[in-house]
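# Secondary and tertiary structure notes
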Amino acid sequence: MNVIWARSVAILVSLIAIAAGLYAAAGAITGLLFLSVSLLLLLSYYLFQINRLWRVLDAPAYGEIPSALGLWGEVYYRLHRLVKRWRTQVLSVEQQHTRFIQAIQASPYGVLMLDDADQIEWCNDVAEQHFGLNAKRDVRQRITHLIRRPEFVHYLTRERYDEPLVMRDMGEHKRNITSVQILPYGENRKLVLTQDITKVENTEAMRRDFVANVSHELKTPLTVLTGFLETVRDLPVSEEDRNRYIELMLVQSMRMQHIVEDLLALAKLESDAQPPCHERVNVGALMAHLVHDAEALSQDRHEIRSEIDPGVTVRGAEGELLSALGNLVSNAVRYTPEGGRIAIRMTYTDGHAVFSVSDTGLGIAPEHIPRLTERFYRVDRSRSRDTGGTGLGLAIVKHVLSRHHADLRVTSEVGRGSTFRIVFPVDRSGYEADTSRHAA
Ligand code: ADP
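Now for a quick tour of the structure. (Residues numbered from 1 in each chain as written. Predicted model: local features only at pLDDT ≥ 70, side-chain atom pairs only at ≥ 80, totals over all residues. Heavy atoms only, no water.)

### So, a nonpolar patch on the surface
The grouping of W5, V9 and V13 at the surface amounts to a nonpolar patch, some 320 Å² of accessible area in total. With respect to the element layout, V9 can be found in helix α1 (residues 3–26). Of the residues examined, V9 reaches a relative accessible area of 38% and is grouped as partly exposed. (Patch = residues over 30% accessible without salt bridge, like charges linked within 9 Å, V, L, I, M, F, W, Y side chains within 5 Å. Areas by Shrake-Rupley, 256 points an atom, 1.4 Å probe, with all protein chains shown as cover. Salt bridge = Lys/Arg side-chain N within 4 Å of Asp/Glu carboxyl O. Helix = DSSP H or I, 4+ residues; strand = E, 2+ residues; numbered from the N terminus. Buried < 20%, exposed > 50% of the residue type's maximum accessible area, 1.4 Å probe, protein only.)

The structure is reproduced here in structure tokens:
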């Protein structure tokens, strides 16, 4: 017998026993009256508690379960325990749900859930951005009403989702490329995963352009070389012509060699570890080397000046910096007509070591300046080739500088000249007042 029955029977037996006592002592009326009144009171009490229980069951809330004495106390205690257990379970499910949502929100992928009628059930912030949706406003809307692009509608309705769909001109500025993959799940439901592949696609396009450019750059000298070789093989040429052809062939093969050398230098820069950040560059020797190279290249056709603050120190990879700075100096000489002036400087300004090359040469129109460091970008194609340029010099400079966290700043005016300035970061720049220890 459970506690409810045991207690109820005990109460009834007690009441009947008291009524029987009264019956014997004070007569039948008193006994029956007592029994009737006490049963009535008991019934009222039960009805009152049932009413309370009803209200509690209507909206059971932890902490609002009433208490009572005796039997009803037991009932409420059990109800309290039940609500507590239920609340703990709900809290744990809620926490799991929150963590799950947080994890999906943290993902770089867009996640969008569709129900069996292709209506949006939920989507994360990234999917909102990719598709230009508003999760609060658009939930329960059919996705094809919001994303009307024919390729997307076709992909969704064709129900062949082995390959992702690539959508162009997406996002706020209509410049992004997004990959969309649908994964069916559950009963006719769909998970739509999106990924911004703009960078990957652009890199792939750059790679294609690069291969095309390299082929084009090598094709011209190769065609010239082949032409000369065929002429020498097939036609009777004089000794003098033969020697002239050999000279011209040498120029073309050297041009190819320079291109290949620059390409290898770029590849090395891309694959090498970061340059040392504690190794001190011998600035004096580096500058002397640059000035010497400029003079050798100019062959007295220009006025070359150098201005070196002997206290300046720079930290980094000396070989890489020599190649980068050397490219700037060689450009200044090559793009400055005879009689022009070139100034090579190393100064210290506001905690930064600053290297600069100024020339009074051809100058560069403003629209070209942002593109100068692109591979094979040339403003003056024929002048670049005539002076032995590969179109890769400034690309190498850009790589070396980015590895040293240094900035390249270009100011130029067509017909008046250019200044290429390298600003080294504070942690790679230094100044020593006592220059006796520093080779100038
Ligand atoms: P290149 O081997 O053709 O010189 P770079 O990458 O070194 O290639 O330079 C890219 C282009 O920038 C050059 O083709 C040239 O048109 C322009 N340029 C670079 N330096 C100068 C300069 N000092 N004055 C004028 N034009 C320059």
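### Notes on the sheet that holds strand β5 (residues 189–196)
Spatial strand order, β2-β1-β5-β4-β3: five strands in an open sheet with antiparallel pairing. Every other strand in the sheet has two partners, leaving β2 (120–123) and β3 (165–170) as the edge strands with one partner each. When the angles between neighbouring strand axes are averaged without regard to direction, this sheet yields 25°. For strand β4 (residues 176–185) and β5, the ladder comprises eight bridges, and the chain directions are antiparallel. Across the sheet, residue I182 finds its bridge partner in β5, namely V192. Each of β3, β4 and β5 is contacted by helix α8 (residues 198–234), which is oriented at about 125° to β4, the strand it contacts most. (Pairing = 2+ DSSP bridges. Axes fitted to C-alpha atoms, helices over the stretch in contact; angles between N-to-C directions. Contact = heavy atoms within 4.5 Å.)

### Some words on the site of the ligand
Not every one of the 20 residues close to the ligand is listed here, only the nearest: Y335, S384, T390, G391 and L394. Here D359 contributes a side-chain N or O atom positioned 2.9 Å from a nitrogen atom of the ligand. L394 places a polar main-chain atom, nitrogen or oxygen, 2.8 Å from an oxygen atom of the ligand. Elements represented by at least two residues in the shell around the ligand include exactly α11 (318–334), α13 (393–403) and β12 (417–423). When the residues that make up the shell around the ligand are grouped by side-chain class, the tally is nine nonpolar, seven polar and four charged. (Near = heavy atom within 4 Å. Polar contact = N/O pair within 3.5 Å; in protein donor to acceptor, adjacent residues only side chain to side chain. Nonpolar A, V, L, I, M, F, W, Y, C, P; charged D, E, K, R; others polar.)

### Considering the nonpolar core
It is characteristic of soluble globular proteins that their nonpolar side chains tend to be buried jointly. In this structure, V314, L328, I344, F355, I422 and F424 are the most contacted members of the largest nonpolar core, which totals 44 residues. Of all the elements, α11 adds the most residues to this core, at seven residues. Each of domain 3 (201–271) and domain 4 (280–439) accounts for three or more of the residues forming this core. The contacts of L328, once residues within four sequence positions are left out, are F355, V357, L394, V397, L408, F420 and I422. A127, I147, F152 and V192 belong to the second largest nonpolar core, which has 19 residues in total. (Core = buried A, V, L, I, M, F, W, Y, C linked by side-chain atoms within 4.5 Å. Domains from an automatic or database assignment.)

### Focus on helix α10 (residues 283–298)
An ideal rise of 1.5 Å per residue puts 22 Å on 16 residues; α10 measures up with 22 Å between its terminal C-alpha atoms. Taken together, the buried positions of α10 are V283, G284, L286, M287, L290, V291, A294 and S298. Seen along its axis, α10 keeps its buried residues to an arc of 165°; they face one direction. Structurally, α10 contributes buried residues whose contacts are with β6 (280–281), β7 (303–308), β8 (312–315), α11, β9 (341–349) and β10 (352–359). At the exit of α10 stands Q299, carrying a positive phi of roughly 50°. (Expected span 1.5 Å × (residues − 1). Arc of directions from axis to C-beta.)

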